[in-house]
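# Report on the structure
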Amino acid sequence: MTDPNAIRPSELDQLPDRDPEETAEWQASLDAVAKAAGPHRAAYLMRRTLERAEGIGVALPKLLETDHVNSIPTAAEPAVPGDEALEARITAWNRWNAAAMVTRASKYGVGGHIATFASAAWLYEVGFNHFFRGKEGDGSGDQLFIQGHASPGIYARAFLDGRLTEQHLDNFRQEVGGNGLPSYPHPRRLPWLWEFPTVSMGLGPISAIYQARFNRYLTSRGIKDVSGSHVWAFLGDGEMDEPESTTALTLAAREKLDNLTFVVNCNLQRLDGPVRANFKIVQELEALFRGAGWNVIKTLWGSAWDELFRLDTTGALARRLREVPDAQLQTYQTRDAAYIRQHFFGADPALAEMAKLLSDDQIIECFHFSRGGHEPRKIYAAYRAALEHKGAPTVILAQTVKGHTLGAGFASKNANHQMKKLSVDEFKALRDLLELPIPDSAFADGQVPYGHPGADSPEVRYLQERRAALGGPAPARRVHPVPALPAPAEKAFTAFDKGSGSQKVATTMAFVRLVKELVRDRETGRRWVPIVPDEARTFGMESLFPSIGIYSPMGQTYEPVDRDQLMYYKEAKNGQILNEGITEAGSMADFIAAATSYATHGEPMIPFYIFYSMFGWQRTADQMWQLGDQLGRGFLVGATAGRTTLTGEGLQHADGHSPLIAATNPAALTYDPAFAYEIPVIVKEGLRRMYGEAAPGEDQNVFYYLTVYNEPLPQPAKPSVPGIDEGIVKGLYRFNTAESAGLSVPANAPRIQLLGSGTAIHWALEAQRLLAEEWGVAADVWSATSWGELRRDAMEADAALLRGEERVPYIRRALQGVEGPVLAVSDYMRQVPDQIAQWVEQDYTSLGTDGFGLSDTREAARRHYGVDAQSIVAAALAQLARRGEVKATTVKEAREKYGL
């Protein structure tokens, strides 16, 4: 039989043991302790030894989990500066007004959340009074990612300090009139208060990490010293289930982002019930963060527990706290002392003896109320320790009670996330608990009153003094006036005006060449932030590596394998490129931080993020909405775009829909350029609108999405067409006519208008030739650079008509008077060009690549979807046949001729 106590093979067997006898003595000592005093004593000694080793600089792996107790002992907690009594009064007013605001709004059926802020009130109040730096001091202040469901409490505090009025609070979740408060943090809806939209679960954590990282990037590149800024992210324990919440934890540790603190409100409840009913979420998160390399601070138990831990001479209490699952701990919070004596203390004889020394009131205080996240001294100690820790980010796991102070009907109830109001009697009980001077007479007609101690009260003066000392109000968003960026030299935008001659150039390469020129610009070049998720070589960007470098806080600590090559892999502390590895979510978080730097830091940056188009909007569209919500500016570039251009990659790489998804975002200006010369026109316009002198009434807070292709083709010269730049920007211009293309067609030939976008225009041009040479049909070819912008303009024209204004959509003006029907084609599903159908006066139809992607040659794929030149010819003839302009048999003849 195998000896269970035998030493098993270990990786240490491969290492030299300079003194086997000494090793054996240590092992024997451990055996003796375990035998004489039990395994718990042996474990305690080992942990003390590991703790000592760390203290004297002996490098050893840390334990991933510690006991379910506070990381900072009570005796080690620093005194809290300031007036704790006044801070308690301020917190009480905030609790009241948050609950009152949501309850008053509930009569309109708009809902709201109460329980989250009730649990987290002190987590915010301690920060506002002592830690969160405002925007009016030196630097950029701190960046606060507020947990979305806690927003009523933040509004309540802004009401107390005079930034909001009762009318504002009464417009909670009622925004149509223009004076409402958004449900959650939302810069687009309340741009002077909120910096970061966070309620889309998981996006706050990853954004906070990349914001902290981008702060370091700005400092390292000499753009602005923001080393004094700290990023605070307030999260829910249930929110940590989202993949985006944890996907970048190792990045934060790897790059030693000690300018970042996560505060996870561990109230043990998510929307439907316990976060980890049969387990312990705090222990799980501790192991997760420690394993990722973070500094972990657990703030679990309030001061009432000090007596219990003092009485625990055997370690039984710590063991019991570790083994009780979260759902049971929630149950204790709602049960009487007799139940807790029986089910918690009764599980261990040593604990049963301890319980005899405790009164019922002590037990109730500990299990119902006393949590580390409800005590300012313990929170202050955790925040101070987080700021003092260097070399790694910190996470504070603060245990609270969801619905704390709201009464037995709320606290720890599974349904409390959906509970939107308190009754008058519950409010009176809350008033008494919080000791607020609100008389019964204030509840007129059952309406819950707001409470305010007065603009000149000690509470308000104290609150404002503390914020003044910390650099002004918080949270706050400030967009300091910055001069418009000068336009780059015109030369950069004209490189492709003469075409590429016989050289074949893909539009992806055309865009990259343009960026290479723009990053060299003396005035604005350093403000470009190229972002790529480990596909730079795919997009031909490797030539940028040695010239502007890849950002790394470590610099380059190795000799790259390709150092002897011209385009070697160069990393640098001041590198400009953000090469993020295989993470579209991380790349988008980078983009958002850079795209909003004009507001966060008063430094306009120009991010361009280039990615496989299939892995952009489809995979990270929620972050694109976050980008729009946060009023971000920059260029998203969907490369290797289209359903049929990326040969051999197949279904999961074949993008046939990204422009359609992008069209759903009001902040996105979506373009599908066909020719290389169109790209500089679009980028130049984007730079003017977002970073230069915007026209009156023009929204600068937009971003551009360009689709570019990996199909090398000869690029034509820019036609000498009047108003061509305007047409490119607005979304449509006539590239040529059958006659200007040099095609011979009869004078009375049937005519059709072919609208093509992106790579599809090349199929349309071939179809134009076939129609003329083989069927006697004249076709004009139009470049539809933006179906989405054509639609946006037409919708604005419709809205103007409803206001009694005369306005004709651009699409209608552009096509006014042209002969024949219109046939639109793109490398996307038909819904993309069909966006404009209702505003086209001519007969309109479309071709597209509807269905799933597949692997094959470009030619075979296009024939499969019916968008190649021959298929366009057949479709054009069918349109003309329906109008009686060609014989119906012509369509059959064409299909047979082309083998369709």
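Let us look at the structure shown here. All figures in this text were calculated on a predicted structure; none of them were measured in a lab. (Residues numbered from 1 in each chain as written. Predicted model: local features only at pLDDT ≥ 70, side-chain atom pairs only at ≥ 80, totals over all residues. Heavy atoms only, no water.)

### Looking at the nonpolar core
Residues Phe635, Val683 and Leu754 are the most contacted members of the largest nonpolar core, which totals 83 residues. Excluding residues within four positions of it along the chain, Val683 makes contact with Phe493, Phe511, Leu514, Leu518, Trp528, Phe635 and Leu706. Core analysis: the second largest hydrophobic core is formed by 67 residues, Leu169, Leu190, Val448 and Leu463 among them. (Core = buried A, V, L, I, M, F, W, Y, C linked by side-chain atoms within 4.5 Å. Buried < 20%, exposed > 50% of the residue type's maximum accessible area, 1.4 Å probe, protein only. Contact = heavy atoms within 4.5 Å.)

### Focus: the packing of aromatic side chains
By convention here, two paired aromatic rings are described through the distance between centres and the angle between planes. The tally for this structure, following the rule as stated, stands at 44 aromatic pairs. For the ring pair Trp305 and Phe367, a centre distance of 4.9 Å and an interplane angle of 55° mean the geometry is tilted. Highlighted residues: Trp305 in the loop between strand S4 (295-299) and helix H11 (306-311) and Phe367 in helix H16 (residues 360-369), separated in sequence by 62 residues. Look at Phe367 and you get buried, because its relative accessible area is 1%. The ring of Phe443 has Lys428 lying over it, and the distance from NZ or CZ to the ring centre is 5.6 Å. Here the guanidinium or amino end of Arg563 rests over the ring plane of Tyr568, the centre of that ring lying 4.0 Å away. (Phe/Tyr/Trp six-rings, centres within 6.5 Å; stacked < 30°, edge-to-face > 60°. Helix = DSSP H or I, 4+ residues; strand = E, 2+ residues; numbered from the N terminus. Lys NZ or Arg CZ within 6 Å of the ring centre and 35° of its normal.)

### Description of the sheet that holds strand S10 (residues 578-579)
Taken together, six strands build an open sheet; the order of strands is S10-S7-S11-S12-S14-S13 and the sheet is parallel. Among the strands making up the open sheet, the edge pair consists of S10 and strand S13 (668-671). Where S13 meets strand S14 (residues 703-707), four bridges bridge the pair, whose relative direction is parallel. Directly across from Tyr671, in S14, lies its bridge partner Leu706. (Pairing = 2+ DSSP bridges.)

### Re helix H4 (residues 115-130)
When the terminal C-alpha atoms of H4 are compared, their 24 Å separation across 16 residues agrees well with the 22 Å that a helix rising 1.5 Å per residue should span. Within H4, 16 of the 16 residues are buried, which leaves the element mostly enclosed by the surrounding structure. (Expected span 1.5 Å × (residues − 1).)

### Describing the side chain of Arg862
Structurally, the position occupied by Arg862 is in helix H31 (residues 858-865). If we skip the residues at most four places from it in the chain, Arg862 touches Thr644, Thr645, Glu711, Thr759, Trp763, Val867 and Asp868.

### A short note on the pairing of strand S3 (residues 260-266)
Among the seven residues that make up S3, seven are buried, leaving the element largely enclosed by the rest of the structure. Here S3 shows two buried faces, one formed by Leu260, Phe262, Val264 and Cys266 and the other by Thr261, Val263 and Asn265. Note that strand S2 (residues 231-236) and S3 share six bridges and pair parallel. Looking at the pairing, Val231 lines up with Leu260 of S3. Two strands pair when backbone bridges link them, and S3 and strand S5 (residues 394-399) are joined in this way by six bridges, in the parallel orientation. Considered in S5, the bridge of Asn265 is made with Ala398.

### Structural notes on the packing of helix H28 (residues 760-775) against helix H33 (residues 888-898)
Running from N to C, H28 and H33 cross one another at 110°; their axes reach a closest spacing of 13 Å. What the angle tells us is that H28 and H33 run roughly perpendicular. Between H28 and H33 lies a crossing whose hand is right-handed. For the pair formed by H28 and H33, the contact residues are Leu770, Glu774 and Trp775 on the first element and Thr890, Glu893, Ala894, Lys897 and Tyr898 on the second. The residue inventory of the contact of H28 with H33, partitioned by class, reads four nonpolar, one polar and three charged. (Axes fitted to C-alpha atoms, helices over the stretch in contact; angles between N-to-C directions. Parallel < 35°, antiparallel > 145°, perpendicular 65-115°, else oblique. Left-handed = near helix turned anticlockwise from the far one by under 90°. Nonpolar A, V, L, I, M, F, W, Y, C, P; charged D, E, K, R; others polar.)

### Some details on the environment of Leu268
Along the chain, the position of Leu268 falls in the loop between S3 and helix H10 (281-292). Counting along the chain gives 322 residues from Leu268 to Asp590, while the straight-line C-alpha distance between them is 31 Å. When sequence neighbours within four positions are dropped, the list of residues in contact with Leu268 reads Asp237, Gly273, Pro274, Val275, Ile281, Asp326, Leu329, Gln330 and Gln399.

### Some thoughts on the pairing of strand S19 (residues 822-825)
Covered by surrounding structure in S19 are Val822 and Ala824 together with Leu823 and Val825, the residues of both alternating faces. Two strands pair when backbone bridges link them, and strand S17 (residues 751-756) and S19 are joined in this way by four bridges, in the parallel orientation. Note that in S19 the partner of Gly756 across the bridge is Val825.

### Focus: H31
Listing the buried residues of H31 in full gives Arg858, Ala861, Arg862 and Tyr865. The buried side chains of H31 occupy one side of the element, clustering within an arc of 95° when seen end-on. Opposite the buried face of H31, at more than 90 degrees from it, the exposed residues are Glu859 and His864. Packing partners of the buried residues in H31 comprise H28. (Arc of directions from axis to C-beta.)

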